Amino acid sequence: MGTHRIALLLLLSAALLQALLPAPAEALLRVALKKRPVVEDGRLAGQRRHGFLGNSNDAAAAAAAAKKKAKAKAEAEGDIVALKNYLNAQYYGEVGIGTPPQRFTVIFDTGSSNLWVPSSKCHFSIACYFHARYNAGQSNTYKKNGKHASIRYGSGAISGYFSQDSVKIGDVVVKNQGFIEATREPSITFMVAKFDGILGLGFREISVGDAVPVWYNMVKQGLVGDPVFSFWFNRHADEGQGGEIVFGGIDPGHHKGNHTYVPVTKKGYWQFDMGDVLIGGKSTGFCAAGCAAIADSGTSLLTGPTAIITQINEKIGAAGVVSQECKAVVSQYGQQILDQLLAEKKPGKICSSVGLCAFDGTHGVSAGIRSVVDDEDGESNGLFSDAMCNACETAVVWMQNQLAQNETQELVLQYINQLCERLPSPMGESSVDCSRLASMPDIAFTIGGTKFVLKPEQYILKVGDGPATQCISGFTAMDIPPPRGPLWILGDIFMGAYHTVFDYGNLKVGFAEAA
């Protein structure tokens, strides 16, 4: 699921529909997604995903009829599994485990690799009583394993043991699939979640217990024609089907134009190299030399480095949290940092040279971490030092960007102070003024030499209707240091705008404008 902060939301109920159309095993397998939107308290319906089906009107019905006709031809050529979508921030679909199949709703998550569902032997976690539970005694194909397993996600943790059984996805049955029977789900996230479990579509390298992922077995057992799957998300919560996963290929009706492909740089997550991020057509500078990114269908928002998310917040007017550490750094060390940047000192060494960070040879690290561990009375200022180090490194990035635009030193310091006011909330989302959408800038991500643009209506989530409408920024901050970072997590906000192809056979990820 990607390691990021999860905003907990009340999840709305919806019936999960599944269309099963028989066809040759080597054809396309479609899974319709349900979509789960933002709810009225302004929080996301879980930053991990589910789906939404809105009420149809005449126009939507006509569009649906046309799409159904176009799809009939594709269905005649392949095995199609429809998934439904329920509300804009979460998407999930249905699978069956065992013989006869026991039905479960799961998040199809490219940010993890295990399949788990609640177990009938989960007695002490309230969450299990709100969801379907797997009963091994009711399956003719169950095989005992019993090996202990536990997984921690950004939204909570589960633990239990491995079992083996058949898993039905649409009309295909994956035989002898290892999965986790969850006997403990202590997180309140899972208690109120619409989904029962999670089906990971990441690589085996991050699979807990080295379990073979479901997707691997689908390919190995010849259940799909090509080792490719693709996601299409319908971001219009009130218009028809929520989305589809297509296993074994690509539906040309899901995208416009050609895909831009980039190679997977590190197996585990679907990770690739990403270039510069632009705000209103102007470079932020932070990723000009390259950043890592992952395409994560289990994350609702777009997650990136604080230094860039804060610049985005400033441009879109998102309310942040005043950072005293940030202001203290600018007040006490701002001129020193500027002087060293102008003297062309290596940016990675500046915060250590002013005494706010240690230097590990490539970048600054908090000088206070050791004292937190070593201080016997527990009164170390290590946590404060850590915050000051982070604030300093963020300020260095901002100042570099402003100097590159030939701003005066005075204006640079003034601007940095303004950015301090826009530091993202530690809990994730930031609210914005809905009336300002028309004046907000486009945000572009450079992938494979192509700029993928998100417009305000694509990166701002709206909650409610009429005068009561609230707007939430689709960007949230998370800092991952080198060598793994800086890292961007491109979740549903991005994948909703751009149809995403996961090419397992050629180890690449592709993006094209969604239809």
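Model, not experiment: these values are computed from the prediction.

**Topic: the nonpolar core**
And step 1. The biggest cluster of nonpolar side chains holds 74 residues, and the ones touching the most others in it are F108, I169, F247 and W488.
And step 2. By size, the runner-up hydrophobic cluster in this structure holds 29 residues, among which are M388, V396, Y415 and I416.

**Comments concerning the pairing of strand β30 (residues 508-514)**
And step 1. Counting buried positions over the seven residues of β30 gives five, a clear majority of the element.
And step 2. Across six bridges, the pairing between strand β14 (residues 255-263) and β30 is antiparallel. Its bridge partner being in β30, Y261 is matched across the sheet by G510.
And step 3. In textbook terms, the turn of a hairpin is the stretch between consecutive antiparallel strands, and for strand β29 (residues 498-503) and β30 this stretch comprises four residues, one of which, L507, has a positive phi near 50°.

**Focus: the side chain of Q402**
And step 1. Its place among the elements puts Q402 in helix α8 (residues 382-404).
And step 2. Exposure remark for Q402: the relative accessible area of 7% places this residue in the buried category.

**Observations regarding the sheet that holds β29**
And step 1. As summarised here, the arrangement of the six strands in space is β2-β13-β12-β29-β30-β14, forming an open sheet in which the pairing is antiparallel. Only two strands of the sheet have a single partner each, and these edge strands are β2 (29-32) and β14. Ignoring which end each strand starts from, the neighbouring axes of this sheet average 20° apart.
And step 2. Direction of pairing for β2 relative to strand β13 (residues 243-247): antiparallel, over a ladder of four bridges. Bridge assignment links V31 to a residue of β13, and that residue is I245.

**Structural notes on the confidence of the model for the protein chain**
And step 1. Here the protein chain shows a mean pLDDT of 78. Residues at 70 or above account for 73%.
And step 2. Predicted confidence is poor over residues 2-26, with pLDDT under 50, and the contacts of this stretch with residues over four places away or in other chains come to 97 contacts.
And step 3. Counted against residues more than four places away or in other chains, residues 37-64, with its pLDDT under 50, gives 130 contacts.

**Notes on unusual backbone geometry**
And step 1. In the segment running from T99 into P100, the intervening peptide bond is cis, with an omega of 0°.
And step 2. Tracing the chain through its elements places P100 in the loop between β5 (90-97) and β6 (102-109).
And step 3. Even without being a glycine, D210 presents a positive backbone phi close to 55°.
And step 4. Look at E344: it is not a glycine, yet its phi comes out positive at around 65°.

The rules behind each value
Every chain begins its residue count from 1, and numbering advances along the sequence as written. In keeping with the model being predicted, local features are shown solely for residues with a pLDDT of at least 70 and side-chain atom pairs are shown and tallied solely at 80 or more, while totals for entire chains, interfaces and linings include all residues. Only hydrogens and water are removed before side-chain values are computed, so all heavy atoms of the structure are retained for them. Residues grouped as a nonpolar core are buried Ala, Val, Leu, Ile, Met, Phe, Trp, Tyr and Cys residues, joined through side-chain atoms within 4.5 Å. Summary of the burial criterion: residues with accessible area below 20% of their type's maximum are buried, those above 50% are exposed, and those between are partly exposed, where the area comes from a 1.4 Å probe applied to protein chains only. For the purposes of this entry, the term helix denotes a DSSP run of H or I that reaches at least four residues, the term strand denotes a run of E that reaches at least two, and both are numbered from the N terminus. Strand pairing follows a simple DSSP-based rule, namely that at least 2 bridges must link the two strands. Geometry is summarised by axes, namely lines fitted to C-alpha atoms with helices restricted to the contacting stretch, and by angles between N-to-C directions that run from 0 to 180 degrees. As a per-residue measure, pLDDT reflects the predictor's confidence and takes values from 0 up to 100. In what follows, residue pairs with any heavy atoms lying within 4.5 Å of each other are defined as contacts.

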